Amino acid sequence: MKKSAKAWSSVLALGLCLALPPLSHATEPEAETGLAERVDKLEKSLVKGGMSRWLDRISLSGLIEVEANYEKFKESGAGSESSSDLTLATVELGIDVDFVKHVSGHVVLLWEEDETEPLDVDEAYIRLDGEDVVPLYLQAGKMYVPFGTFESHFISDPNTLELGETRESAAVIGYANDQLELSFGVFKGDTKGRHLNTFVAGGAYTLPEEAVPGLALTAGASWISNLADSDVLSDEIVSLDDKINGIHAFVMATLNDRWTLIAEYLGALDRFKAGELAFDGGNALKPKTWNFELGCAVTDALTIAAKYEGGDDLGELLPDRQYGAVASYALFKNTTLSLEYLHGKFETGDKRDLVTAQLAFEF
């Protein structure tokens, strides 16, 4: 969210004026008039000095999410257990700086209760782009590499994200215009070798607005040379002989700004050998996930959606079948209240019911 120069300069001017000694011989109206004049004078000098242009090049954004949940988990052949909790799930602050043409910086600070304590630098990268000269860009730093899209109506992350999301210090080059985006990146993975040896590549196409009246459509695919380097799987690796290629594809379509369909697939192209994954139970696995969602904007404020997702060779890591529904209501501008229910079944025979309520404020 952009801060105006006038707001910043007013704060600075007020602090300066309060620090000056009071006018002992002035009447109260005269003192107030003098203070107002000094504030106005300092505001004008700051704007004249270029502070307005400087502040306009800094953008702040943020997200606060509070969640309450109830979970009932039933192990195969055993009894069930339940739990509930209330957490400050997410505090996120984004800073975007664009001082020089063709060069920008992006930083995201993230705090998640019981997960990223203390504060974590979630993203931080420099971006060089051709803007109006040529539609090419170079992005370098810590980022979520361009493997997967992970769009969802739900509070809980889709299984495709759980399996494939990868955050690393990387370098990505790409081409982007209104219809087409292509990217290629490289980073040093956590599971194999001592060099920059993991690669990602992807592309997405967006249908022009005038092509089909009322239809907005985006589709794409991506590849990673070692799916074992994803944030989730890298923690499950016991040993790894060879890199495991991964593939991803998605389609997202919106009709008449009301109905939205999301379809996504992500999985390994090769098998992990038996014993390489902590959850494989001595079997060679080829993990894969998919997610289908259909959402409807009932009104400008109310959105409802249903999902069915699944996968194979996920063991006890993720449900291999899961369905659910969610409703989100915009209480006020940038403030949303959501309620979600999910029922999942694991390959082990375990079952889970999860109810989550979330209050989110975005700025």
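None of the values given here were measured: they were computed from a predicted structure.

### So, unusual backbone geometry
And step 1. In this structure, Phe150 takes a positive phi of about 65° despite not being glycine.
And step 2. With respect to the helices and strands, the residue Phe150 is situated in the loop between strand S5 (136-144) and helix H4 (159-164).
And step 3. Residue Phe150 is classed as buried on the basis of its relative accessible area of 14%.

### Regarding the environment of Ile224
And step 1. Structurally, Ile224 is set in strand S9 (residues 215-224).
And step 2. When the C-alpha atoms of Ile224 and Val200 are compared, they prove to be 4.4 Å apart, with 24 residues separating the residues in sequence.
And step 3. Beyond its immediate chain neighbours, meaning those up to four positions away, Ile224 contacts Phe147, Thr166, Phe187, Thr198, Phe199, Val200, Ile244, Asn245 and Gly246.

### A word on a nonpolar patch on the surface
And step 1. Together, Ile64, Val66, Leu86, Leu88, Leu93, Tyr329, Leu331, Phe332, Leu337, Leu359, Phe361 and Phe363 make up a nonpolar patch on the protein surface, roughly 1000 Å² of accessible area in all.
And step 2. You can see Ile64 is positioned in strand S1 (residues 58-74).

### Some remarks on the confidence of the model for the chain
And step 1. Per-residue pLDDT for the chain has a mean of 88; in total, 85% of the residues score no lower than 70.
And step 2. When the criterion is pLDDT under 50, residues 1-31 qualifies, and its contacts beyond four places in sequence or with other chains add up to 32 contacts.

### What about the side chain of Glu293?
And step 1. Secondary-structure assignment places Glu293 in strand S12 (residues 288-297).
And step 2. In this structure the side chain of Glu293 is engaged in a polar contact, spanning 2.9 Å, whose partner is the backbone nitrogen of His153.
And step 3. With residues up to four places along the chain from it excluded, the contact list for Glu293 reads Glu151, Ser152, His153, Phe154, Thr260, Leu261, Ile262, Ala306 and Lys307.

### Digging into the pairing of strand S11 (residues 259-268)
And step 1. In terms of burial, S11 is largely enclosed, as seven of its ten residues are buried.
And step 2. Taken together, the ten bridges between strand S10 (residues 246-255) and S11 define a ladder with antiparallel strand orientation. The residue bridging Gly246 from the neighbouring strand is Ala268, located in S11.
And step 3. Once S10 ends, the chain turns through three residues before running back antiparallel as S11, passing Asn256 with a positive phi of about 55°.

### A short note on the packing of aromatic side chains
And step 1. A complete count under the given rule lists five aromatic pairs for this structure.
And step 2. Between Phe184 and Phe199, the aromatic rings sit 6.0 Å apart at their centres with planes inclined by 20°, giving stacked as the arrangement. With Phe184 in strand S7 (residues 180-187) and Phe199 in strand S8 (residues 198-206), the pair connects residues that are 15 residues apart, well separated along the chain.
And step 3. Sitting over the ring of Tyr137, Arg127 keeps its end group 4.1 Å from the ring centre.
And step 4. Taking the ring centre of Phe154 as reference, the NZ or CZ of Lys307 above it sits at 4.8 Å.

### Here we look at the nonpolar core
It is characteristic of soluble globular proteins that their nonpolar side chains tend to be buried jointly.
And step 1. Ranked by internal contacts, the top residues of the largest apolar core, which has 27 residues, are Phe147, Leu227, Leu233, Phe272 and Leu277.
And step 2. Listing elements by their share of this core, those giving two or more residues are S5, H4, strand S6 (167-176) and S11.
And step 3. With residues near it in sequence (within four places) discarded, Phe147 still touches Gly164, Val200, Ser222, Trp223, Ile224, Leu227, Gly246, Ile247, His248 and Leu266.

### Remarks on the side chain of Thr87
And step 1. Topologically, Thr87 is positioned in strand S2 (residues 80-100).
And step 2. Judged by relative accessible area, which is 14%, Thr87 ranks as buried.

### Section: the pairing of strand S16 (residues 351-362)
Successive side chains on a regular strand alternate, one facing one side of the sheet and the next facing the other.
And step 1. Where S1 lies against S16, twelve bridges are found, and the strand directions are antiparallel. Each bridged residue has a counterpart across the sheet, and for Glu67 the counterpart in S16 is Gln358.
And step 2. Judged from the eleven bridges that link them, strand S15 (residues 335-345) and S16 form a sheet pairing that is antiparallel. Within S16, the residue paired with Gly344 across the bridge is Arg352.
And step 3. Between the antiparallel neighbours S15 and S16 lie five residues, among them Gly349 with a positive phi of about 95°.

### Brief notes about the environment of Ser61
And step 1. Here Ser61 shows up in strand S1.
And step 2. Between the C-alpha atoms of Ser61 and Glu362, which are 301 residues apart in sequence, the distance is 7.6 Å.

### Points about the pattern of salt bridges
And step 1. This structure, assessed with the given rule, holds eight salt bridges.
And step 2. Between Asp120 and Arg167 there is a salt bridge whose closest N-O contact spans 3.4 Å. Of the two residues, Asp120 sits in strand S4 (residues 120-129) while Arg167 sits in strand S6, which places them 47 residues apart along the sequence.
And step 3. Across the pair Lys273 and Asp242 runs a salt bridge, and its minimum N-O distance is 4.0 Å. Of this pair, Lys273 sits in the loop between S11 and S12 while Asp242 is found in the loop between S9 and S10, placing the two residues 31 residues apart along the sequence.
And step 4. It is possible to trace a salt-bridge network through shared partners that takes in Asp120, Asp122 and Arg167.

About the cut-offs
- Residues numbered from 1 in each chain as written.
- Predicted model: local features only at pLDDT ≥ 70, side-chain atom pairs only at ≥ 80, totals over all residues.
- Heavy atoms only, no water.
- Helix = DSSP H or I, 4+ residues; strand = E, 2+ residues; numbered from the N terminus.
- Buried < 20%, exposed > 50% of the residue type's maximum accessible area, 1.4 Å probe, protein only.
- Contact = heavy atoms within 4.5 Å.
- Patch = residues over 30% accessible without salt bridge, like charges linked within 9 Å, V, L, I, M, F, W, Y side chains within 5 Å.
- Areas by Shrake-Rupley, 256 points an atom, 1.4 Å probe, with all protein chains shown as cover.
- Salt bridge = Lys/Arg side-chain N within 4 Å of Asp/Glu carboxyl O.
- pLDDT = per-residue confidence, 0-100.
- Polar contact = N/O pair within 3.5 Å; in protein donor to acceptor, adjacent residues only side chain to side chain.
- Pairing = 2+ DSSP bridges.
- Phe/Tyr/Trp six-rings, centres within 6.5 Å; stacked < 30°, edge-to-face > 60°.
- Lys NZ or Arg CZ within 6 Å of the ring centre and 35° of its normal.
- Core = buried A, V, L, I, M, F, W, Y, C linked by side-chain atoms within 4.5 Å.

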